[in-house]
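Notes for the structure review
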Amino acid sequence: MADQDAHTVEGRHATELPAIRWEEPPEGPVLVLLDQTRLPAEEVELVCTDAPALVEAIRSLAVRGAPLLGIAGAYGVALAAARGFDVDEAAVALQGARPTAVNLSVGVRRARAAHRAVLTEGGDPQQAAAAALAAARALHREDAEASARMAGHGLALLDELLPGGGHRILTHCNTGSLVSGGEGTAFAVALAAHRKGRLRRLWVDETRPLLQGARLTAYEAARSGMAYTLLTDNAAGSLFAAGEVDAVLIGADRIAADGSVANKVGSYPLAVLARYHHVPFIVVAPVTTVDPDTPDGASIEVEQRPGFEVTEITAARVSIGGAGGGGVPVAPLGTQVYNPAFDVTPPELVTAIVTEAGVVSPVTAAALADLLSGQVAQPLEA
């Protein structure tokens, strides 16, 4: 069960309010999420007391972003165990909440494996629940550490490709602290450049139809004091044509074994534009986003989102549950909608993949296999 209005937080800097945290009030453990559907208008926390509430929060995008979904999935298993619910049932529901995001499954499996291991060894349910929680907390901590390393590797790569600083970076969707246990993935690289005085401009795609760039990336950039400019997705072409983009940095929800990258829809057109205009197209994601069991881009399941996200314009708050978005219609009633949450960029359009373990470039199946086995060809540090 979730109480979406449990905490309204005022007067706090965005970076002081975590995207996710575990709490143990007297009435029992809960998972507390910063409701990203309410940003930037208001900072409201969503309190989940069971796995179904977390599943709905994931589907509604109250919690989102590949690394954070992995953390949320692990905590969701721990929550089910701590409250005495069926852990396997919760795990299956959580894994199916957003099928494209491989990190979600990774987090769920990790916490469930810890829980099962204790029971197999003769431990009691309380001990098993504690093990699941420890696994979730470890994943949370590791993601924060990975974020810092990705920022260092990514900034070093930018400085290598674009000597002299003054980077003008175009990004898509949201890849900051709202999707991570740390400061994010692609956004963390831009933030590192900003702190070193090397960021001239962050170009922020609004990211239709749910405007994660406008609502979330601009929110984080403003709070961090970065020089940023918001643009409509379809203005990116003219920006490239004007020579105003030095590099494209995006995150990823799944990277196939061959290097194909699934990310928020609109990423692939940016890769095509970048290739035509000879601009580096860089993907920043933790190693957990690389899925060796997905052989290529055609094998990636792409989530189809509800049609009302396109046929209606909604306010910052998106209703949790219900059949529609509660927004203002902008298309005739009954309009059919094609609304994929992601698109897939082939590896030949990706200049480099930056992970906490190092940088893969050129992006090939062999190079990714080496990465996963710990043999990174190009470890970089800022």
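Above this text you will find the structure in question.
Being a predicted model, the structure only gives us computed values, none of them experimental. (Residues numbered from 1 in each chain as written. Predicted model: local features only at pLDDT ≥ 70, side-chain atom pairs only at ≥ 80, totals over all residues. Heavy atoms only, no water.)

**Considerations on the overall build of the protein chain**
Definition in use: Put simply, DSSP H or I for four residues or longer makes a helix, DSSP E for two residues or longer makes a strand, and each gets a number counted from the N terminus. With the radius of gyration taken over C-alpha atoms, the globule rule is written as 2.2 Å times the number of residues to the power 0.38. Three exposure classes are used, based on accessible area relative to the maximum for each residue type with a 1.4 Å probe and protein chains only: buried under 20%, partly exposed in between, and exposed over 50%.
Of regular secondary structure, the protein chain possesses eleven helices and 17 strands. Against the globule reference of 21 Å for 382 residues, the protein chain gives a C-alpha radius of gyration of 20 Å, in line with a compact fold. The dimensions of the protein chain, computed from C-alpha atoms along their principal axes, are 60 × 55 × 40 Å. In the protein chain, buried positions account for 55% of the 382 residues.

**Concerning the sheet that holds strand 12 (residues 290-291)**
The following threshold applies: Strand pairing is defined by DSSP finding a minimum of two bridges between the two strands. Note on contacts: a residue pair qualifies if any of its non-hydrogen atoms lie within 4.5 Å across the two residues. Interaxial angles span 0 to 180 degrees and are taken between N-to-C directions of axes, which are lines fitted to C-alpha atoms, for helices over the stretch in contact.
Pairing within the open sheet is mixed, and its four strands lie in the order 12-9-10-15. The open sheet terminates on both sides in strands that have one partner only, identified here as strand 12 and strand 15 (342-345). Lying on the sheet, helix 9 (residues 267-276) is in contact with strand 10 (261-264) and strand 15; it crosses strand 15 at an angle near 35 degrees.

**Quick look at the packing of helix 3 (residues 87-95) against helix 4 (residues 102-120)**
Our working rule: Any angle that is under 35 degrees is reported as roughly parallel, and any over 145 degrees as roughly antiparallel; angles of 65 to 115 degrees are reported as roughly perpendicular and all others as oblique. Each residue is assigned to one class: nonpolar for Ala, Val, Leu, Ile, Met, Phe, Trp, Tyr, Cys and Pro, charged for Asp, Glu, Lys and Arg, and polar for all the others, Gly among them.
The N-to-C vectors of helix 3 and helix 4 enclose an angle of 170 degrees; their axes lie 9 Å apart at closest approach. Regarding the angle of helix 3 to helix 4, the classification is roughly antiparallel. Seen from helix 3, the contacting residues are Val 87, Asp 88, Ala 91, Val 92, Leu 94 and Gln 95; seen from helix 4, they are Leu 104, Ser 105, Val 108, Arg 109, Arg 112, His 115 and Arg 116. Per-class residue counts for the contact of helix 3 with helix 4 are six nonpolar, three polar and four charged.

**Things to note about the packing of aromatic side chains**
The line we're drawing: Here the aromatic set is Phe, Tyr and Trp, taking the six-membered ring for Trp, and pairing holds for ring centres within 6.5 Å; pairs whose planes are under 30 degrees apart are stacked, those over 60 apart are edge-to-face, and all others are tilted. For a lysine, the NZ atom is tested; for an arginine, the CZ atom; a charge sits over a ring if that atom is within 6 Å of the ring centre and within 35 degrees of the ring normal.
According to the stated counting rule, one finds one aromatic pair in the structure shown. Ring centres of Trp 22 and Tyr 75 lie 6.0 Å apart, and the angle between their planes is 25 degrees; on these two criteria the pair is classed as stacked. Linking Trp 22 in strand 2 (residues 20-23) with Tyr 75 in helix 2 (residues 66-82), this pair joins segments that are 53 residues apart in sequence. Pair check on accessibility: Trp 22 and Tyr 75 agree, each one buried. In this arrangement the basic side chain of Lys 264 is found over the ring face of Phe 342, its NZ or CZ atom lying 5.0 Å from the centre.

**Overview of unusual backbone geometry**
Residue Pro 209 follows Arg 208 across a cis peptide bond; omega there is 5 degrees. Inspection of the secondary structure puts Pro 209 in the loop between strand 6 (199-205) and helix 7 (212-223). Going from Ser 361 to Pro 362, the amide bond is cis rather than trans, its omega being 0 degrees. Counting through the fold element by element, Pro 362 comes out in the loop between strand 17 (358-360) and helix 11 (365-372). Positive phi outside glycine occurs at Cys 173, with the angle close to 60 degrees. Mapping Cys 173 onto the fold places it in the loop between strand 5 (167-171) and helix 6 (186-195). Overall, Cys 173 belongs to the buried group, its relative accessible area being 6%. Here Thr 207, not a glycine, exhibits a phi torsion of approximately 70 degrees, which is positive. By the element assignment, Thr 207 lies in the loop between strand 6 and helix 7.

**Some points on helix 4**
Note the cut-off: Expected span of a helix, by definition, is 1.5 Å for each gap between consecutive residues, and there is one gap fewer than residues.
Across its 19 residues, helix 4 extends 26 Å between first and last C-alpha, which sits within 8% of the 27 Å expected from 1.5 Å per residue. For helix 4, the set of buried residues is Val 102, Asn 103, Leu 104, Ser 105, Gly 107, Val 108, Ala 111, Arg 112, His 115 and Val 118. Among the structural elements, helix 1 (51-59), helix 2, helix 3, helix 5 (125-161), strand 9 (254-256) and strand 12 are those in contact with the buried residues of helix 4. Backbone geometry just after helix 4 places Gly 122 at a positive phi near 95 degrees.

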